Amino acid sequence: EFRAVWAANPSDCVRAPGETRIAVTADSIKFYEGNAKVVSVEPAPDGLEFTVDHTAEGTTTTETHKLFLPVGGKKLSYTRDGTRSLYIKCETAPS
């Protein structure tokens with residue numbers, strides 16, 4: 001299940017603001033300093049490929065983001081602009 005709160009730094013799961021925390025919902029991906037509105041989702045060989053309208057610092061661009069959940073669903077591989085980041089699933093709500 002991709003829809004969850006994730007963080008590259010586990011302490012960001014409970015810290016506000018959590019600079020590495022992202023929230024994946026059915027229609028958006030929210031970042032510390034941006035928001036990506038999901039335009040479409042397609043299956044990919046290694047997960048899902050999201051076409052998004054990413055807005056940050058007053059600029060909106062259409063981008064492709066690739067998400068992959070390894071076995072167990074507690075880690076998320078997220079590729080954006082050719083850069084892959086690894087996130088852990090946050091089990092605790094931020095304060």
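Everything below is about the structure printed above this text.
Reading the values: the criteria
- Residues numbered from 1 in each chain as written.
- Predicted model: local features only at pLDDT ≥ 70, side-chain atom pairs only at ≥ 80, totals over all residues.
- Heavy atoms only, no water.
- Pairing = 2+ DSSP bridges.
- Helix = DSSP H or I, 4+ residues; strand = E, 2+ residues; numbered from the N terminus.
- Axes fitted to C-alpha atoms, helices over the stretch in contact; angles between N-to-C directions.
- Disulfide = S-S within 2.5 Å.
- Buried < 20%, exposed > 50% of the residue type's maximum accessible area, 1.4 Å probe, protein only.

Novice: Just to check I follow, could you spell out the pairing of strand E7 (residues 75-80) for this structure?
Specialist: Each regular strand carries side chains that alternate between the two faces of the sheet. In this structure, strand E6 (residues 59-68) lies alongside E7, joined through four bridges in antiparallel fashion. Pairing of leucine 67 across the sheet is with tyrosine 78, part of E7. Between the end of E6 and the start of E7, which pair antiparallel, lie six residues, with glycine 72 showing a positive phi angle near 105 degrees. With six bridges connecting them, E7 and strand E8 (residues 83-89) associate as antiparallel partners. Following the sheet pairing, arginine 80 is matched in E8 by threonine 83.

Novice: It is not clear to me how the sheet that holds strand E1 (residues 4-7) should be interpreted in this structure. Could you clarify?
Specialist: Hydrogen bonds between backbone atoms are what pair the strands of a sheet, whose relative direction is either parallel or antiparallel. Reading around the circumference, E1-E2-E3-E4-E5-E6-E7-E8 is the order of the eight strands in this closed barrel, with antiparallel pairing throughout. Sheet twist, expressed as the mean angle between neighbouring strand axes with direction ignored, is 30 degrees. By the bridge criterion, nine bridges tie strand E5 (residues 47-56) to E6 in an arrangement that is antiparallel. Bridge assignment links threonine 51 to a residue of E6, and that residue is threonine 64.

Novice: I keep staring at the state of the cysteines and nothing clicks. Help me out?
Specialist: Formally, a disulfide is one covalent bond, and it connects the sulfur atom of one cysteine to the sulfur atom of another. According to the stated counting rule, one finds one disulfide in the structure shown. Residue pairing for cysteine 13: its cysteine sulfur links by disulfide to cysteine 90, the two sulfurs lying 2.0 Å apart. Given an S-S torsion of about -75 degrees, the disulfide between cysteine 13 and cysteine 90 has left-handed geometry. Taken together, the residues span a long stretch of sequence, with cysteine 13 in the loop between E1 and strand E2 (21-24) and cysteine 90 in the segment after E8 at a distance of 77 residues. On the accessibility criterion, cysteine 13 (7% relative accessible area) is buried.

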